[in-house]
Amino acid sequence: MTIFCSHCHRPLQAEMSCLPRRGKQAPSTSKPFRSTKSASKARRDQINMELQALRSLLPISAREKERLSYLHTMALVCLRLRGAQLFPPDSAPPAGPALGTELLSLLPGFLLVLSANGKLVYISENVAQVLGLSMVELLAQGDTVFDILDGRAHEDVRKQLLLAQEEPGREVTFVSEMRTSKAFRLQHGGNRAVAVRGRFTALHWPASPSTTAFLALCTPVAQLPADGNACSQDNLFQSTHILDMTFTDVTESVTYHLGYHREELIGQSWYSLLHPEDADLAAAQHRAVGESLGARAAGRTAVLRVLRRDRTWAWLRVSARRDGGAHTITCTSRCLR
């Protein structure tokens, strides 16, 4: 008896190829082909070649280039592209590297340039003298100014930059800790406190966020000690206030730091001495301390400018604390030089 194929109705012995085969099927045209190992390697090699080419164009030493990771290379490339957008090569005045180094050595700090959204555009090479990190090493922290600042200062710095951006040409100043090298932290016990003074300037017309940059000079100040650090009591004074921050008492050392006699301050409001730009920050600190009740209530710290008797401004790191159940606030103010 002849057996016929159910697919083509021909004798089974005559045609076996019509039967579906197990394990092998023709590739479907509706499914994309999978990438092979050789194709993936070719793509990786191409990416590596492009990154090597970009790395070779960076104006840094060969030793620094060898230490760059791929992500670090891209961060430096983005920095240079932002700088080229704000400072086109054909518009920059000619200056030799020796002259630039000589001028930088005369500055009390390093130069910092930011874009309108806080992206790093330029950091002068003498940053290593202040933070113990080269410009290349500092960029390993990130590509915005907030990546190199202490996290507690982010909100205050953001407000200061927005204030400066709303009024181009207006100078703003803020003090914050910046990240440093491990060797610096071991030697000095922490990061470096830096006063940043700068303003937004339109580099091209018409002015727009893409043509405006924040130009600043960053000057180191005294190291900010940790709360409760008892070393060197010469640069601090203590004051006591009622809950609305009116002075009720202050140590005699205030005369050395601010020039006022103790009797002049008692009965005055703490707010009458504050710089107008720091009033919001001080008020936020005041509210936080006022809401902190109980024996374990933590103190609040802020860096503020306070008016001296000679009408100049003193930078103070103010730690405020309200004892549980008490109707007074105690402030410890450390003068930053």
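Residues numbered from 1 in each chain as written. Predicted model: local features only at pLDDT ≥ 70, side-chain atom pairs only at ≥ 80, totals over all residues. Heavy atoms only, no water.

Q: Explain the pairing of strand E9 (residues 313-321) here, please?
A: Consecutive residues of a regular strand have side chains that alternate between opposite faces of the sheet. Most of E9 is tucked away: seven of the nine residues are buried. Counting the residues in the hairpin turn of strand E8 (residues 300-307) and E9 gives five residues, including Arg 311, whose phi is positive at 70 degrees. Here E9 pairs with strand E10 (residues 328-335) via six bridges, running antiparallel. By the bridge assignment, Leu 316 is partnered in E10 with Cys 335. (Buried < 20%, exposed > 50% of the residue type's maximum accessible area, 1.4 Å probe, protein only. Helix = DSSP H or I, 4+ residues; strand = E, 2+ residues; numbered from the N terminus. Pairing = 2+ DSSP bridges.)

Q: Teacher, can you tell me more about empty space enclosed by the protein here?
A: Empty space among the atoms becomes apparent when a probe as large as a water molecule is rolled across them. Counted under the stated rule, the structure contains one cavity of 30 Å³ or more. Here the largest cavity defines a volume of roughly 70 Å³. Among the elements that take part in the lining of the largest cavity, helix H11 (residues 279-291) stands out by supplying four residues, more than any other. Grouping the constituent residues of the lining of the largest cavity by class yields nine nonpolar, two polar and no charged. (1 Å grid on protein atoms, 1.4 Å probe; cavity = no way out; pocket = protein on both sides within 12 Å on 5 of 7 lines; lining within 4 Å. Points joined across faces, edges and corners; volume = space filled by probe spheres on them. Nonpolar A, V, L, I, M, F, W, Y, C, P; charged D, E, K, R; others polar.)

Q: Help me out: how do you make sense of the sheet that holds E10 in this one?
A: Across a sheet, paired strands are connected by hydrogen bonds in the backbone, their directions being either parallel or antiparallel. What the five strands build is an open sheet, ordered E7-E6-E10-E9-E8; its pairing is antiparallel. The open sheet has two edge strands, strand E7 (247-250) and E8, and neither has a second partner. Averaged over all pairs of adjacent strands, the angle between strand axes in this sheet comes to 30 degrees, irrespective of strand direction. In the packing of H11 onto the sheet, contacts are made with E8, E9 and E10, and the angle to E8 comes to roughly 140 degrees. (Axes fitted to C-alpha atoms, helices over the stretch in contact; angles between N-to-C directions. Contact = heavy atoms within 4.5 Å.)

Q: Please clarify how the packing of aromatic side chains should be interpreted in this entry.
A: We describe a pair of aromatic rings using the distance from one ring centre to the other and the angle between the two ring planes. Throughout the structure, instances matching the rule amount to two aromatic pairs. Pairing Phe 200 with Phe 214 gives two aromatic rings, centres 5.2 Å apart and planes at 55 degrees, and the pair type is tilted. Here Phe 200 is found in strand E4 (residues 192-202), whereas its partner Phe 214 is found in strand E5 (residues 212-220), with 14 residues between them in sequence. Accessibility classification places Phe 200 together with Phe 214 in one group, the buried group. (Phe/Tyr/Trp six-rings, centres within 6.5 Å; stacked < 30°, edge-to-face > 60°.)

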